[in-house]
Structure formats: C-alpha cells, structure tokens
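# Topology and contacts: notes
So the chains spell out like this:
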Amino acid sequence: LVTAGVYLLIRFNMMLIDMFFLKFLLLLSGLTMFMAGISANYEFDLKKIIALSTLSQLGLMMSILSMGMSDLAFFHLLTHAMFKALLFMCAGVVIHMMMDIQDIRYMGGLSFYIPLTSLCLNISNLALCGLPFLAGFYSKDLILEMVSMSNLNLMIFFLYYLSTGLTMFYTIRLLFYLMINDYNLMVVYNLYDEDYIMLKSMFMLLFMSLSVGSFLSWMIFNYPYMIYLPFNLKMMVIYVVMMGLFLGYLISNMKIYSMNKFLMTYNLSNFLCLMWFM
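Residues numbered from 1 in each chain as written. Predicted model: local features only at pLDDT ≥ 70, side-chain atom pairs only at ≥ 80, totals over all residues. Heavy atoms only, no water.

### Digging into the overall build of the chain
In plain terms, the rule: Note on conventions: DSSP H or I runs of at least 4 residues are helices, E runs of at least 2 residues are strands, and numbering of each starts at the N terminus. The quantity called the radius of gyration is restricted to C-alpha atoms. Its globule counterpart is 2.2 Å times the number of residues to the power 0.38. Contacts: residue pairs with any heavy atoms within 4.5 Å of one another. Using the Shrake-Rupley algorithm and a 1.4 Å probe, accessible areas are obtained, with residue cover drawn only from the displayed protein chains.
Across its full length, the chain carries 13 helices and 0 strands. Over its C-alpha atoms the chain spans a radius of gyration of 19 Å, differing by no more than 12% from the 19 Å that the globule rule assigns to 278 residues. Along the first, second and third principal axes, the C-alpha set of the chain runs to 60 × 45 × 35 Å. In the chain, 83% of the contacts between residues at least 6 apart in sequence involve partners at least 24 apart. Surface exposure of the chain reaches about 14,400 Å², of which carbon and sulfur atoms provide 73%.

Shown next as structure tokens:
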C-alpha cells in the first residue's frame, strides 16, 4: 500500500519521459526526503519514526524516478521492502512486549531482554542507513552516485546528501533510546522472552536484508551502470553516513539537563515536529 504510487509511476515511466512535471516532482520529492528526515529526529513515537523513514525512502524513489531511472527506483523499492518489513515486525514485537507503549522514552536496555529481536532491529536499521554491503547500500549508493553524475544544481545535491545523513542521525538516536539507555520503564512491564513464532519469519527477512542487495543487482541489471566519479564524490555517501553517525552520537548522548537546547528553539522544534504544519 505504501509503495503503490511509486510502483504505478514505475509502470508508466515511458509516458513520463521529457515532461516538465518531472522537474517539479524532483524538487517536491527531495523536499519530502528532507522533511521526513528532520521530523523523524524530533519524534518520540516508535511507529512514527519508522513511518517517517519510509516516507524519506519514498522521496528517494520518487526523485530517482523523476530523473528517468525507473529500474533504480524499482531496485530500491525491493531492497527497501526487505529491511523495512523486518523493521516494522521488530517494532511490533517491541511494542507488544512493552504492553502497547509506543513512546521510545519509556524503553531502554532492550538488548538485554530481547537480544535476537534487537539484533534484527539494528541490522535492518543499518541496512536502511546504507551501511556498506548490506541490502540498502547497493541501491542507495547506486542512486546517489547517479545523482552525483547527473547535471543537477547544488540544491538537489545537498538535499539528497543531507537526507542521507539525517537517516543515519535518527537511526543512531533510535539505537540510543532503545538499546543503550538504562532501563527506563516507570513500572516493571511484561518483558517476556523472545517471541519465537515471530522470529522464524524475522530471521528469513534478516537473511534477505543481508543478501538481497547484491543478488538483485546481479539479477535486475543486464549491464552495469557506468559510474565515473572523482574519489571524494565516490566516497561522499560514506562521508555523510559517518558524519551522521558522529553527530547522532553527540546529540543522543545528551544528559537530561541538556534538554533546554531544544527549549531555546521551541518554536522551530514545534514546527519541525509537526511535519512543517502539513
């Protein structure tokens, strides 16, 4: 249901060639990526963070589609389906074990209680960030390198790379709130052992989100994309991912007395949290 519109545009991509509408769509989807990435950083609801990251990836698919590369959009749609399904299943297990609490401020130390679910959650999150040689890396890296090769202006370029950095940002934030923080529950909740019925399908999805990137890139493209870039542009994806990791570590490592930094920019934070009043 989420990717139905993207899939429809992929099917009709021959009709969309050389339309002026595509330039407008490129701008709009780039802003969608950016807006969703920023909103996910201010959000405290677990499902909303994952939904906003899905929105960001949809903006990525739409923007590469509006540049006329429908096979890349389809490739990213498939790899994103693998780890995002795994991410939603893990989030469902976590919320169910928390007795239907979705606020990530209540969670913490989950990796001690549900280690296998936490493993699936973290690996799918890192695949979402485009960590090298996981599933998301193959499609996301290819898309960003094709953007670097195309003759677009600086604003689109910065929107792409800032959104990629923001993905790493909210992932590290999620990691800190769920795994690394102390046990934050106000009362002792029902943290069972693992849900072994869910784990069967979760491990299948885990294997897929580890291997499906290279597998599909061999299966879909009958010829490799020719990418010729200088070294810094080639490594740009790794640079922004590392920068997002570092910044996310610095921001998420704040203690409770650092929260007034958000209160100093309360109106801006409110505006960004409400998805630009959309």
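### Focus: the side chain of Gln 57
Formally: Note on classification: 1.4 Å probe, protein chains only; a residue is buried when its accessible area is under 20% of the maximum for its type, exposed when over 50%, partly exposed between these limits. Pairs of N or O atoms are called polar contacts if they sit within 3.5 Å, as long as, within protein, a hydrogen donor faces a hydrogen acceptor (for residues adjacent in sequence, only side-chain-to-side-chain pairs).
With respect to the helices and strands, Gln 57 occurs in helix α3 (residues 46-66). Since its relative accessible area comes to 1%, Gln 57 is described here as buried. One polar contact links Gln 57 to His 76, side chain to side chain, over a distance of 2.9 Å. Not counting chain neighbours up to four residues away, the residues in contact with Gln 57 comprise His 76, His 80, Leu 128, Lys 140 and Thr 167.

### Describing the nonpolar core
Inclusion rule: For this analysis, a nonpolar core means a set of buried residues of the types Ala, Val, Leu, Ile, Met, Phe, Trp, Tyr and Cys, connected via side-chain atoms within 4.5 Å.
Formed by 69 residues in total, the largest nonpolar core has its most connected members in Leu 46, Ile 64, Leu 72, Leu 110, Tyr 160 and Leu 178. Looking at which element gives the most residues to this core, the answer is helix α4 (residues 70-97), with 14 residues. Excluding anything up to four places from it in sequence, Leu 178 contacts Leu 46, Ile 104, Met 107, Gly 108, Gly 109, Leu 110 and Leu 121.

### Examining the environment of Leu 131
Counting through the fold element by element, Leu 131 comes out in the loop between α6 (115-129) and α7 (135-149). Judged by relative accessible area, which is 25%, Leu 131 ranks as partly exposed. Sequence separation of Leu 131 and Met 242 is 111 residues, and the distance between their C-alpha atoms is 9.6 Å.

### Notes on the pattern of salt bridges
Applied cut-off: A pairing counts as a salt bridge when a side-chain nitrogen of Lys or Arg comes within 4 Å of a carboxyl oxygen of Asp or Glu.
Applying the stated criterion across every chain, the model contains 2 salt bridges. The closest approach of N and O atoms between Arg 105 and Asp 103, which form a salt bridge, is 3.0 Å. Two residues, Lys 234 and Glu 145, come together in a salt bridge whose shortest N-O distance is 3.3 Å. Linking Lys 234 in helix α10 (residues 231-234) with Glu 145 in helix α7, this pair joins segments that are 89 residues apart in sequence. Overall, Lys 234 belongs to the partly exposed group, its relative accessible area being 33%. In this structure Glu 145 comes out as buried when scored by relative accessible area, which is 4%.

### Description of the packing of α6 against α7
The condition is simple: Orientation is described by lines fitted to C-alpha atoms, with helices fitted over the stretch in contact, and by angles between N-to-C directions that extend from 0 to 180 degrees. By definition in this entry, angles of less than 35 degrees are roughly parallel, angles greater than 145 are roughly antiparallel, angles of 65 to 115 are roughly perpendicular, and the rest are oblique. In this scheme the crossing of two helices becomes right-handed for a clockwise turn of the near helix relative to the far one and left-handed for an anticlockwise turn of less than a right angle. Residue polarity follows a fixed list, in which Ala, Val, Leu, Ile, Met, Phe, Trp, Tyr, Cys and Pro are nonpolar, Asp, Glu, Lys and Arg are charged, and the others, Gly among them, are polar.
Viewed as axis vectors pointing N to C, α6 and α7 meet at an angle of 10°, and their least axial separation amounts to 7 Å. Taken together, the axes of α6 and α7 lie roughly parallel to each other. Where α6 crosses over α7, the handedness of that crossing is right-handed. Along its contact with α6, which presents Ala 127, Leu 128 and Cys 129, the element α7 presents Ala 135, Gly 136, Phe 137 and Lys 140. In the contact of α6 with α7, the residues fall into 5 nonpolar, 1 polar and 1 charged.

### Remarks on α3
The condition is simple: Expected helix span is given by 1.5 Å per residue-to-residue step, counting one fewer step than there are residues.
Between its first and last C-alpha atoms α3 spans 31 Å; for 21 residues at 1.5 Å apiece the expected length is 30 Å, and the two agree. The buried fraction of α3 is high, at 17 of 21 residues. Of the residues flanking the start of α3, the one acting as N-cap is Asp 45, its side-chain oxygen 3.1 Å from the backbone nitrogen of Lys 47. Where α3 ends, the next residue or the one after it, Gly 68, has phi of about 90°, a positive value.

### Let's talk about the UniProt feature "domain: NADH:quinone oxidoreductase/Mrp antiporter transmembrane" (unreviewed entry) in the chain
Spelled out, the test is: UniProt positions are given in the numbering used here, feature names are shortened, and annotations may be inferred rather than shown by experiment.
The positions that UniProt labels "domain: NADH:quinone oxidoreductase/Mrp antiporter transmembrane" (unreviewed entry) are, in the present scheme, residues 1-159. Overall, residues 1-159 shows 75% helix and 0% strand. The separation of its end C-alpha atoms is 26 Å.

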